[in-house]
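What follows is each chain in one-letter form.
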4 protein chains.
Amino acid sequence: MTFNNNKAIYLQMADRLCDDILAGKYKADDRIPSVREYAVMLEVNTNTAVKAYEELARDGVVYNRRGLGYFVDPNAKEQIMQARRETFYREVLPEMFRQMKLLGIDINKVDEKWAEL
Amino acid sequence: MTFNNNKAIYLQMADRLCDDILAGKYKADDRIPSVREYAVMLEVNTNTAVKAYEELARDGVVYNRRGLGYFVDPNAKEQIMQARRETFYREVLPEMFRQMKLLGIDINKVDEKWAEL
Amino acid sequence: MTFNNNKAIYLQMADRLCDDILAGKYKADDRIPSVREYAVMLEVNTNTAVKAYEELARDGVVYNRRGLGYFVDPNAKEQIMQARRETFYREVLPEMFRQMKLLGIDINKVDEKWAEL
Amino acid sequence: MTFNNNKAIYLQMADRLCDDILAGKYKADDRIPSVREYAVMLEVNTNTAVKAYEELARDGVVYNRRGLGYFVDPNAKEQIMQARRETFYREVLPEMFRQMKLLGIDINKVDEKWAEL
DNA sequence: GTGGTCTAGACCACC
DNA sequence: GTGGTCTAGACCACC
């Protein structure tokens, strides 16, 4: 995995796991790779992977079963979607609108770009 | 001023000054507040304000006249607009579209929010 | 059984069996459930149940008869009571008093809660 | 500082800082020792001290000012007291009562010990 | 000066 | 096998 330099690696790892869960790669109560496995896969240090998993557990996206590993929380998908939706409507969109006004970009331009996808 | 914890304070200060210039608060060749004044206004360390001004000077948004202070570059508005437009189309918009797809948000929803402004 | 995450599962299992013995569920020389039965009952790994039983055997709370299973030691109740009383007066109570002082909770409040039971 | 072997060092450090705040050693908006200073003071690794501070910040007991250090949250005392009180009434007391019943210890005995302090 | 992050490597309890 | 914790040491942005 190649990492963006502007964001902590462990957060990018957590984001990526969330993306994978949303995409259906790991389903409710599925076991995700062990901390060590994941660290090796992404070529990062164990501690960094640990931090990513701790973050996810704190957010209720995964849960831990002692000696067995981490598993996808049944509500993970909802949890992630909700958190991201909130960020989207509370931060991303308003900030984008603010920029658009300052830059004199109209919403048509956005619709246009969307249509091009 | 309240700062976002994920971005350097000096960059947030620079952004804010750019916003003010775009909004017409400071016009071409206007003198902007002194580093110290600005530091006091925003309750930050003088060094932080210095870095913000240096950043702006490097970007050609302001220029310095020894002993007099910093002034708005005549091309500032253009400069800022151009840089931001590029960022907008190259980073902000694509990232927003990516999130919209993951979250199942349609462009209509965005249009709607825009109309509400 | 739901387990506290701060204490080893096998110790919590052992505690629970001791509770049952104190409560009279298993009496002197009664056979307790087999390791495997108990593991299934509490939904834990067999190894974990084995460790719990070994712990209890080490403490003289149960004894093993080859091929027959584990049985409650005739002195189990006494043994457990004594160990717990000691812990109670040496650790539990002093720590509770310390907390009460820090939190400004008076002994009356404790008496009150006790009366409510 | 000597640490109890049954609890993570970083948690014991956090507990200790909370004790100090309750005791009035650090007051609202006081700066607490820097992560590195505290690590040296207690003879632990920097990372361990970092974990303790992160924990406290997550709990709203301290807050961070970039480049300056950690400061006591104005609500820290309340926050700590409330969290501990809750634990006391929800976990410590019920568990103690349960033990007392199993051991046949009466509340008088507790009152007595309290009086002896 | 301050904290945040990361690596490398170890030990340990636990399952 | 699993995760949790800890050390030692480094680099970095930031104030």
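Keep in mind it's a predicted model, so treat the numbers as computed, not measured. (Residues numbered from 1 in each chain as written. Chains lettered and ligands numbered in written order. Predicted model: local features only at pLDDT ≥ 70, side-chain atom pairs only at ≥ 80, totals over all residues. Heavy atoms only, no water.)

As a matter of local geometry, DNA strand F sits amid 28 residues, with R36 of chain A together with I9, N45, N47 and T48 of chain D nearest to it. Atoms of DNA strand F within 4 Å of the protein: sugar and phosphate make up 72%, bases the balance. Between DNA strand F and Y10 of chain D, the relevant distance is 3.5 Å, taken from a phosphate oxygen to a main-chain nitrogen or oxygen of the residue. With respect to DNA strand F, the side chain of N45 of chain D contributes an N or O atom lying 2.7 Å from a base nitrogen. (Near = heavy atom within 4 Å. Polar contact = N/O pair within 3.5 Å; in protein donor to acceptor, adjacent residues only side chain to side chain.)

Turning our attention to the relation of the copies chain B and chain A. Mapping chain B onto chain A is achieved by rotating through 175° and translating by 0.4 Å along the same axis, at an RMSD of 0.8 Å. Such a combination of turn and shift is consistent with a two-fold rotation axis. (Least-squares fit on C-alpha atoms with pLDDT ≥ 70 in both.)

Here we come to the pattern of salt bridges. One pass over the full model with this rule turns up 30 salt bridges over all chains. Between R98 of chain A and D19 of chain B there is a salt bridge; the shortest N-O distance is 2.7 Å. Pair noted here: R98 of chain A is in helix 4 (residues 76–103) and D19 of chain B is in helix 1 (residues 9–22), and the two residues belong to different chains. Residue class for R98 of chain A comes out partly exposed when judged on its relative accessible area of 36%. We classify D19 of chain B as buried; its relative accessible area is 13%. Residue R98 of chain D is joined to E95 of chain D by a salt bridge in which the shortest nitrogen-to-oxygen separation is 3.2 Å. Remark: E95 of chain D and R98 of chain D occur in helix 4 (residues 76–103); sequence separation between them is three residues, near one turn of the helix. Taking relative accessible area as the criterion, E95 of chain D reaches 36% and is therefore assigned partly exposed. Among the ionic contacts, a cluster of salt bridges with common partners joins D19 and R84 of chain A together with E95 and R98 of chain B. (Salt bridge = Lys/Arg side-chain N within 4 Å of Asp/Glu carboxyl O. Helix = DSSP H or I, 4+ residues; strand = E, 2+ residues; numbered from the N terminus. Buried < 20%, exposed > 50% of the residue type's maximum accessible area, 1.4 Å probe, protein only.)

Just distances and angles here, no functional claims.
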